[in-house]
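For reference, the chains in residue letters:
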Amino acid sequence: MIDKIDGLLFGRMVVHGAACISERKQEINELNVFPVPDGDTGTNMSMTINAAADELRKKSFDRVGEAANATANALLRGARGNSGVILSLLFRGLAKAVKEKDTIDGRDFAIALDFGVAAAYKAVMKPAEGTILTVSRMAAAAAAAAAREDPSVEFVLERAIAQGLETLDQTTEMNPVLKKAGVVDSGGKGFLVILQGMMDELHGLPMPEGAGESQSHNDKADFAALGDEDITFTYDTVFIVRKLREDVNLEPFRAYLSSIGDSLVIGESDEEFKVHVHTDIPGAALTESAKYGTLELAKIENMRTQAEDLAAGKHVQSTDDLDAVEEELEHGVAAPAEPVIAEPEKKYGVVAVCAGEGMAAVFRDLGCDGVISGGQTMNPATEDILRQINATPAEVVFVLPNNKNIIMAAQQCVGLVEGKQVVVIESKTVPQGITALMMLDTEGEVEDNVETMREAMSAVSTAEVTYAARDSDFGGFAIKQGDHMALLNGQLFDTNKHQEKLLEKLAKEETFQSAEFINIYYGEDVKEPEAQKTLKLFTKACPQAEINLLSGGQPVYYYMISAE
């Protein structure tokens, strides 16, 4: 039995746990019972803990307190989705318990698990049974009992995992939705996969193949793995800029690029920096870069046409002029600088999360300072949100998550920024966020604005029309993959193989029949003539309402339709 662990072993245990969940993330994703395409649990937890694994590969720590603290900090900034945030909180509590320790035994580990559970429960407003919270709580209780019997860390972790697995099996009966689907809780499963990976490291077992590789973005799109429907932005854009000066601050540029694209990576050395971004407006990215230096080389590739060529069996054209230069730069990449906090130039600023250039344009037109590309299938990390807050030159920054699975990640930013007050307005949909932003009084008091924005947001109903990502028996509906689905205020409204019939039923629902204002945002997969038909359908069905049609350009959802 291994009695104690130090910082070096703890770091290896976390890296091993990250490798295990990376290998099994799809298995965990498939436990999700809600059929809407989303940022699935396995993916979010894997990306979250791999943020810590990447950090621990770069630097080792002799003291377990230092290793646990580095892990918690990286998890916090890399947290994606509610499951990722809860995972980060479990490790944050653990780190707090061992912060003064050089080594820990089983008793220390049991106490640390209990601290982690307490931190996670504290952050969740309405804890539900049959979730990762239940699994972690019961595992921690078993660890405490085991520590009284045998204080070796290996024995305690074994007992914790055994009880966790027993509790995981019981989650099917604890949650009616899980019971109907006949599956266990995905978050609880992910947590135990990580703990088992940590145990495997104690036992000296090899990591899953490919575990030593960083989980960061590829620097080039894998067109063989992409279909046109998977491509959010058209152009894969890579360019190199020679800096105006060595200490140039790239944070405002990073914030700008995040507002016009995704898959953003910036690597820098003392003299130059390289950007990789997916965007619809590469020219704007290149023009903006001139504020920071001299453009040296660039390559822009149309991912949509490349995907089409690949599907047709044609040769895929690609530029490779920068390959040698990129390789040289990568070998000389310096560690990214700490984010610089923009000095306040005004009282209020706003940061919002949304997907689709049309949606982003609406927020920018309403005065939003920073728009983060993200949403249902692209849950941004806490660090992504924090970066935009840092770049916003305001004393008070309101954050609009616009998705229920991003709210917790946004809330983790509160208190992380010095010199700014961060207020999260818990918008669950983009239309709610738009309405809240419209109510911001730039001369009013913070408390009054919070109350007004939340009250206005609560009066907004949102329907979302999408497709089923998986077969499911959910909410009384037998759903087949590919069926059209309508959600109303987050609840499944109806399904149909024919989208028009689904829209007709939605327009006749009381929410829209009694609405004074209706906004229809159509997505990237909807052509304007189709959107005009939908406008006519709602105009006929809801003659009492003022109806607007806007191009949102959002992925995943064919339509987002708000009623006020």
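Refer to the structure presented above.
Residues numbered from 1 in each chain as written. Predicted model: local features only at pLDDT ≥ 70, side-chain atom pairs only at ≥ 80, totals over all residues. Heavy atoms only, no water.

Draft legend 1. View of the packing of helix 4 (residues 81–98) against helix 9 (residues 186–202). Interaxial distance between helix 4 and helix 9 falls to 11 Å at its minimum, and their mutual angle equals 45°. When the axis of helix 4 is compared with that of helix 9, the two are oblique. Contacts between helix 4 and helix 9 involve Leu87, Leu90 and Phe91 from the first element and Phe191, Ile194 and Met198 from the second. In terms of residue class, the contact of helix 4 with helix 9 is built from 6 nonpolar, no polar and no charged. (Axes fitted to C-alpha atoms, helices over the stretch in contact; angles between N-to-C directions. Helix = DSSP H or I, 4+ residues; strand = E, 2+ residues; numbered from the N terminus. Parallel < 35°, antiparallel > 145°, perpendicular 65-115°, else oblique. Contact = heavy atoms within 4.5 Å. Nonpolar A, V, L, I, M, F, W, Y, C, P; charged D, E, K, R; others polar.)

Draft legend 2. Local environment of empty space enclosed by the protein. Summed over the entire model, instances satisfying the criterion amount to 2 cavities of 30 Å³ or more. If you go around the largest cavity, the residues you meet are Leu90, Phe91, Leu94, Phe109, Leu113, Val117, Ser136, Ala139, Ala140, Phe191, Leu195 and Met198. In the lining of the largest cavity, the residues fall into 11 nonpolar, 1 polar and no charged. Looking at the second largest cavity, the residues that line it are Phe233, Ser258, Ser259, Cys354, Ala355, Gly356, Glu357, Ala360, Val371, Ile372 and Ser373. (1 Å grid on protein atoms, 1.4 Å probe; cavity = no way out; pocket = protein on both sides within 12 Å on 5 of 7 lines; lining within 4 Å. Points joined across faces, edges and corners; volume = space filled by probe spheres on them.)

Draft legend 3. The pairing of strand 17 (residues 546–551), seen in detail. Bridging between strand 16 (residues 517–522) and strand 17 involves 6 bridges; their strand directions are parallel. From the neighbouring strand, tyrosine 522 faces strand 17, where its bridge partner is serine 551. For the crossover that starts at strand 16, traverses helix 21 (residues 528–541) and ends in the parallel strand 17, the hand is right-handed. (Pairing = 2+ DSSP bridges. Right-handed = clockwise from strand over helix to strand, strands pointing away.)

Draft legend 4. How the structure looks around a nonpolar patch on the surface. A contiguous nonpolar surface patch, about 280 Å² in accessible area, is contributed by Leu366, Met438 and Met439. Turning to its location among the elements, methionine 439 is positioned in the loop between helix 17 (430–438) and helix 18 (446–458). (Patch = residues over 30% accessible without salt bridge, like charges linked within 9 Å, V, L, I, M, F, W, Y side chains within 5 Å. Areas by Shrake-Rupley, 256 points an atom, 1.4 Å probe, with all protein chains shown as cover. Salt bridge = Lys/Arg side-chain N within 4 Å of Asp/Glu carboxyl O.)

Draft legend 5. The environment of serine 88, seen in detail. Mapped onto the elements of the fold, serine 88 is located in helix 4. Separated by 36 residues in the primary sequence, serine 88 and alanine 52 have C-alpha atoms spaced 9.7 Å apart. Once residues lying within four places of it in the same chain are set aside, the contact partners of serine 88 are Leu75, Leu76 and Ala79. Polar side-chain contacts of serine 88 include one of 2.6 Å to the backbone oxygen of valine 85. (Polar contact = N/O pair within 3.5 Å; in protein donor to acceptor, adjacent residues only side chain to side chain.)

Draft legend 6. Summary view of the side chain of aspartate 105. Here aspartate 105 shows up in the loop between strand 2 (103–104) and helix 5 (106–123). In this structure the side chain of aspartate 105 is engaged in a polar contact, spanning 3.0 Å, whose partner is the backbone nitrogen of aspartate 108. Those residues in contact with aspartate 105 that sit more than four places away from it in its chain are Asp3, Lys4, Pro151 and Val153.

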